[in-house]
Amino acid sequence: MEVADIFRDHGPAWRKANAGRVSLGQLKVMSAIESCRTAALGGHVARCEKCAHTQISYNSCRNRHCPKCQGAAAKEWLAERETELLPVPYFHVVYTLPAAIRDIAYQNKAVIYDLLFRASAETTLKIAATPRHLGARIGFMSVLHTWGSALTHHPHVHMVVPGGGLSPDGSKWIACRPRYFLTVQVLSALFRRLFLEMLVAAHDAGHLQFFGDQVRLADKAAFDAYLTPLRQVDWVVYAKEPFAGPEQVLRYLSRYTHRIAISNRRLVSAGENGVTFKYKDYRIEGPGRYKTMTLATDEFIRRFLVHVLPKGFHRIRHYGLLANGNRAGNIARARELLAVPKPRNDAASADASEPPTHEHPCPCCGGRMIIIETFERGSTPRYRPTPPTTIRIDTS
C-alpha cells in the first residue's frame, strides 16, 4: 500500500472534481508520485557479475514530497552533516503557532512559514546572546514541518541546537549548563512579540491575502482586533532533553529532516470505505497513543496536498554560526577551541575506468550488480529480468 496507489486509483476523479481549486504545484506533486519508479520515468538494467541475475530498476521522481524518494536524499544530506557535529550536548527546541495564526497560514503559506523561520531564529539567537542567559554566538539548524500526525495543518519548526557557542570576540567556547539550554518562558514571550510584529508589518505591506471567511481581515482594524487575544496567551515553545550523543543526533536528523506528511509505512488499507492509516494521539501517554484513523479518500488526498510547499521554499535552514556563508570557518574555530581534531575523509576517489554499479547487491548471491543498460522515459528495456525462482513441491 502506497500513496502512489491511492493517487493512481483516485487521482483522476479527484482532480476533475476539484478543477480550479488545486494549484499547479500540487498537481505536479501528484503526477510525480504517480510516475515514481515506473516505466514512465525510464531506468536501467543491472546484472550480477557472478550469477548473471538480471533486474530492472526504474528511476525515482526525486520530488521532495514523495514518500519513496526521501531515504536516498536524507542519506546524502546526513553524510555532509556528520562532519559538522561537535562533541557537545545537542538540544531539540520546537516553536509552534497558535490555531488562529495557522488559519492565516493556510492561505499565505510562503509568507507565514517564512515568518515562522525568521521569528524563531531571531528569538533563539537573541536570548542566547544575552549575558545572563548564555552570552554566546550560537548556531543551529531549523526544519519546518507543516503537519500533525493526523495530516492536519499544524506548522511548527524543529531546531537542533549545539549546547553552547563562541564568545562575542571568538576567543573561547561558552558551554551551556548541563542538561539545560535556555528558559522556555523567555523564548515563548520573545517569539510571540517578534512574530506578531513581523505579521503586522507583512499585513501593512500588503503581503497577505484573505479569502472566504477571512476576507474581513484585509481591513487593518479588523486584523488588529483579530490579533489582540493572541498577545495575551502563551505560545507553545518547548525544549526536550539533550541528545545522548552525536549518533543520536544523526538518527534524529535522519527521521526529521526529510520527513513528509505521511510515509507509506503508516498506511493500513485503502478501499471503498476510505484510507486507513496509523497516527499518534499526543494527548495520551504510553502505548495507547498509537491509533488508526479512516478518512474518505477525497479528504485524505486533500490533507496530503495541504502540505505541498510553495515552489522554491527551503524547509531546512541554518542560522548563526551554522549559516551557509561562514559555516566552515565557524565549525573549524569551534573545533579548535574544543580541541577536536579535524574529521578525516577516508572516502576513496572513484575510478573512472570502473563500470557503474547498482547501489544494492545481488538478491541471489550478494554479488556486485553492474549496470548493462539505461533506457529513456516511456521506453522498454532490451534486456529482460531474471524470472522468479519457482519452487516445485512433490505432492506424490
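Scoring rules and cut-offs
- Residues numbered from 1 in each chain as written.
- Predicted model: local features only at pLDDT ≥ 70, side-chain atom pairs only at ≥ 80, totals over all residues.
- Heavy atoms only, no water.
- Helix = DSSP H or I, 4+ residues; strand = E, 2+ residues; numbered from the N terminus.
- Buried < 20%, exposed > 50% of the residue type's maximum accessible area, 1.4 Å probe, protein only.
- Contact = heavy atoms within 4.5 Å.
- Areas by Shrake-Rupley, 256 points an atom, 1.4 Å probe, with all protein chains shown as cover.
- Lys, Arg positive; Asp, Glu negative; His and termini not counted.
- Charge placed at Lys NZ, Arg CZ, Asp CG, Glu CD.
- pLDDT = per-residue confidence, 0-100.
- Salt bridge = Lys/Arg side-chain N within 4 Å of Asp/Glu carboxyl O.
- Phe/Tyr/Trp six-rings, centres within 6.5 Å; stacked < 30°, edge-to-face > 60°.
- Lys NZ or Arg CZ within 6 Å of the ring centre and 35° of its normal.
- Pairing = 2+ DSSP bridges.
- Axes fitted to C-alpha atoms, helices over the stretch in contact; angles between N-to-C directions.

### A word on the overall build of the protein chain
The helix and strand inventory of the protein chain stands at 10 helices and 13 strands. For the protein chain, the spread of C-alpha atoms along the principal axes amounts to about 80 × 60 × 45 Å. In the protein chain, buried positions account for 46% of the 396 residues. The long-range share in the protein chain, meaning contacts at least 24 apart out of those at least 6 apart in sequence, stands at 70%. When the accessible surface of the protein chain is summed, it comes to about 21,600 Å², and 52% of that surface belongs to carbon and sulfur atoms. Positive and negative charge centroids in the protein chain, built from 53 and 34 side chains respectively, lie 2 Å apart.

### So, the side chain of H145
Within the fold, H145 resides in strand β4 (residues 139–147). Those residues within four positions of H145 in sequence are excluded, and the remaining contacts are H154, P155, H156, H158, Y256, R259 and R315.

### Some thoughts on the confidence of the model for the protein chain
Per-residue confidence for the protein chain gives a mean pLDDT of 88; residues scoring 70 or more make up 94%. Note that residues 390–396 has pLDDT below 50 and, in this model, zero contacts with residues that lie over four places away or in other chains.

### Structural notes on the environment of W173
Topologically, W173 is positioned in strand β7 (residues 173–175). Residues W173 and E336 lie 163 residues apart in sequence; the distance between their C-alpha atoms is 9.5 Å. Aside from chain neighbours lying at most four places away, what touches W173 is L86, V88, G164, G165, L166, A334, L337 and L338.

### Side note on the pattern of salt bridges
What the rule picks out here adds up to 16 salt bridges. For the salt bridge of E84 with R327, the shortest nitrogen-to-oxygen distance reads 3.3 Å. Here E84 is found in the loop between α3 (70–82) and β3 (90–96), whereas its partner R327 is found in helix α10 (residues 327–337), with 243 residues between them in sequence. We note that E84, like R327, is buried. Of the charged contacts in the structure, one is a salt bridge between R317 and D114, with a shortest N-O distance of 2.9 Å. In this pair, R317 is assigned in strand β12 (residues 316–320) and D114 in helix α5 (residues 109–129), connecting sequence segments 203 residues apart. The class for D114 is partly exposed, based on a relative accessible area of 24%. Within the structure, one salt-bridge network assembled from shared partners comprises D114, R118 and R317.

### Some remarks on the packing of aromatic side chains
Summed over the entire model, instances satisfying the criterion amount to 12 aromatic pairs. Here F191 and F195 contribute two aromatic rings whose centre-to-centre distance is 6.1 Å and whose plane-to-plane angle is 55°, an arrangement assigned as tilted. Taken together, the positions of F191 and F195, both in helix α6 (residues 184–204) and four residues apart, correspond to about one turn of that helix. Comparing F191 with F195 shows no difference in burial state: the two are buried. Taking 6.0 Å as the distance between ring centres and 55° as the angle between the ring planes, the aromatic pair formed by F210 and F223 counts as tilted. In this pair, F210 is assigned in the loop between α6 and α7 (220–227) and F223 in helix α7, connecting sequence segments 13 residues apart. The same class applies to F210 as to F223, namely buried. Among the aromatic residues, those joined into a cluster by ring pairs are Y95, F191, F195 and W235. Positioned above the aromatic ring of F313, the side-chain terminus of R317 is 4.7 Å from the ring centre.

### Let's talk about the pairing of β3
With seven of seven residues buried, β3 is to be regarded as a mostly interior element. The side-chain alternation of β3 yields two buried faces, one formed by Y90, H92, V94 and T96 and the other by F91, V93 and Y95. Relative to strand β5 (residues 153–162), β3 runs antiparallel, the two being bridged by seven bridges. By the bridge assignment for β5, T96 is matched with H156. Of the pairings in the sheet, the one linking β3 to strand β8 (residues 237–239) comprises three bridges and is antiparallel in character. Following the sheet pairing, Y95 is matched in β8 by V237.

### Some thoughts on the sheet that holds strand β11 (residues 290–295)
Pairing in this open sheet of three strands is antiparallel, and the strands run β9-β10-β11 from one edge to the other. Unpaired on one side and paired on the other, β9 (267–271) and β11 mark the two borders of the sheet. Each adjacent strand pair in this sheet contributes to an overall mean axis angle of 20°, direction not counted. Packed on one face of the sheet, helix α9 (residues 297–306) meets β9, β10 (274–280) and β11 and runs near 110° to β11.

### Section: the sheet that holds β8
Within a beta sheet, neighbouring strands are joined by backbone hydrogen bonds and run either parallel or antiparallel to one another. With antiparallel pairing, the five strands of this open sheet are ordered in space as β8-β3-β5-β4-β12. Two strands bound the open sheet, and with one partner strand each, they are β8 and β12. Pairwise comparison of adjacent strand axes, ignoring direction, gives a mean angle of 20° for this sheet.

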